[in-house]
Amino acid sequence: MLIDELVRRSLGVGDQATSDGRVVPAVADALLGGVTEPEVTVSGAMKKYQEEIAIGDLRGRSPAQLKLWQQTKDRSVRYFVDVMGDMNIGEITREDGQKYFAWWNRQINPEDPKAKPKSPKTAGKHFGDMRDLYTRYYAFMGDETRPNPFRGLNFKTKKTNKKKRPSFSDKWVQTKILVPGALNGLSHALHLIPLMHI
């Protein structure tokens, strides 16, 4: 165990002390490595995420939206498991995160010219789902400061140049809107709207 990790865990013991300053032995054991972390696979963590952790995010969604949300999360885990295996989520290292990131980069830019490339948006969505799963799973388990092996790895997407709508010419405004009587029949409030935009 690295020294900074040991310091972080030791400080965590103090943070979890009772109101009168007593250390809770079970918390100390858990934070200082006296209790083994339960082995939970990535697919098991996603199941917990879907059934317990993200419940509040789903409030107000239609059945179709819920189904799409679940299918997307399941697909994200399936991609990871197909590439890296159904690893214990606690054993995913930064190197594993980098390997998975490299795999997605190869999907965006395949070596085979006949292969259909994935979009950076697709890669970002599924890779981001794994990053979010890791962060939220460990926050739920009480380990909010655990370094995320997927942190800071992103796929750059091209910004689309949306066509700017041309503005009305001064002459058009003067001859169509500002002429006397052009806005007759409108209520006072509606009469003010075009004038405010000039």
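Before reading on, note that the structure itself is shown above.
Here we summarise the structure given alongside this text. Quick caveat, the model's predicted, so the values are computed rather than measured. (Residues numbered from 1 in each chain as written. Predicted model: local features only at pLDDT ≥ 70, side-chain atom pairs only at ≥ 80, totals over all residues. Heavy atoms only, no water.)

What characterises a pair of aromatic rings is the spacing of the ring centres plus the angle enclosed by the ring planes. With the rule as written, the count across this model stands at 16 aromatic pairs. Ring centres of tyrosine 49 and tryptophan 69 lie 6.0 Å apart, and the angle between their planes is 20°; this geometry places the pair in the stacked category. Placement of the pair is tyrosine 49 in helix α3 (residues 42-53) and tryptophan 69 in helix α4 (residues 63-84), with a sequence separation of 20 residues. On the basis of an interplanar angle of 65° and a centroid distance of 5.6 Å, the ring pair of phenylalanine 101 and phenylalanine 127 is categorised as edge-to-face. (Phe/Tyr/Trp six-rings, centres within 6.5 Å; stacked < 30°, edge-to-face > 60°. Helix = DSSP H or I, 4+ residues; strand = E, 2+ residues; numbered from the N terminus.)

So, about a nonpolar patch on the surface. Side chains of Leu186, Leu190 and Ile193 sit close together on the surface and give an oily, nonpolar patch of about 250 Å² of accessible area. Mapped onto the elements of the fold, isoleucine 193 is located in helix α8 (residues 188-196). (Patch = residues over 30% accessible without salt bridge, like charges linked within 9 Å, V, L, I, M, F, W, Y side chains within 5 Å. Areas by Shrake-Rupley, 256 points an atom, 1.4 Å probe, with all protein chains shown as cover. Salt bridge = Lys/Arg side-chain N within 4 Å of Asp/Glu carboxyl O.)

Turning our attention to the packing of α4 against helix α6 (residues 120-140). Look at α4 against α6: their axes get within 9 Å of each other, and the N-to-C directions meet at 85°. Relative to α6, the element α4 is oriented roughly perpendicular. Mapping the contact onto sequence places Thr72, Lys73, Arg75, Ser76, Val77, Tyr79 and Phe80 in α4 and Lys125, His126, Asp129 and Met130 in α6. In terms of residue class, the contact of α4 with α6 is built from four nonpolar, three polar and four charged. (Axes fitted to C-alpha atoms, helices over the stretch in contact; angles between N-to-C directions. Parallel < 35°, antiparallel > 145°, perpendicular 65-115°, else oblique. Contact = heavy atoms within 4.5 Å. Nonpolar A, V, L, I, M, F, W, Y, C, P; charged D, E, K, R; others polar.)

For the structure on display, the rule yields seven salt bridges. Across the pair aspartate 143 and arginine 146 runs a salt bridge whose closest N-O atoms are separated by 3.3 Å. A single burial state applies to aspartate 143 and to arginine 146, both of which are buried. Where salt bridges share partners, they join Lys73, Lys125 and Asp129 into one cluster. (Buried < 20%, exposed > 50% of the residue type's maximum accessible area, 1.4 Å probe, protein only.)

Moving on: the nonpolar core. In terms of nonpolar packing, the biggest core is built from 31 residues, with Phe80, Ile89 and Tyr100 touching the most fellow members. Every element with two or more residues in this core is listed here: α3, α4, α5 (94-108) and α6. No other element matches α6, which puts seven residues into this core. If we skip the residues at most four places from it in the chain, isoleucine 89 touches Val40, Thr41, Val42, Ala45, Leu133, Tyr134, Tyr137 and Tyr138. (Core = buried A, V, L, I, M, F, W, Y, C linked by side-chain atoms within 4.5 Å.)

You can see glutamine 50 is positioned in helix α3. Looking at glutamine 50, its side chain comes within polar contact range of the side chain of glutamine 70, at 3.3 Å. Here the side chain of glutamine 50 touches aspartate 74 through a polar contact of 2.9 Å, side chain to side chain. Those residues within four positions of glutamine 50 in sequence are excluded, and the remaining contacts are Ile55, Trp69, Gln70, Lys73 and Asp74. (Polar contact = N/O pair within 3.5 Å; in protein donor to acceptor, adjacent residues only side chain to side chain.)

A surface patch of like charges, here positive, comprises Arg75, Arg78, Lys116 and Lys118. By the element assignment, lysine 118 lies in the loop between α5 and α6. (Lys, Arg positive; Asp, Glu negative; His and termini not counted. Charge placed at Lys NZ, Arg CZ, Asp CG, Glu CD.)

The next subject is α3. The end-to-end C-alpha distance of α3 is 14 Å, clearly below the 16 Å that twelve residues give at a rise of 1.5 Å each. The complete set of buried residues in α3 reads Val42, Ala45, Met46, Tyr49, Gln50 and Ile53. Across the axial projection of α3, the buried residues extend over an arc of 135°, all falling on one side. At its buried positions, α3 is contacted by α4 and α6. (Expected span 1.5 Å × (residues − 1). Arc of directions from axis to C-beta.)

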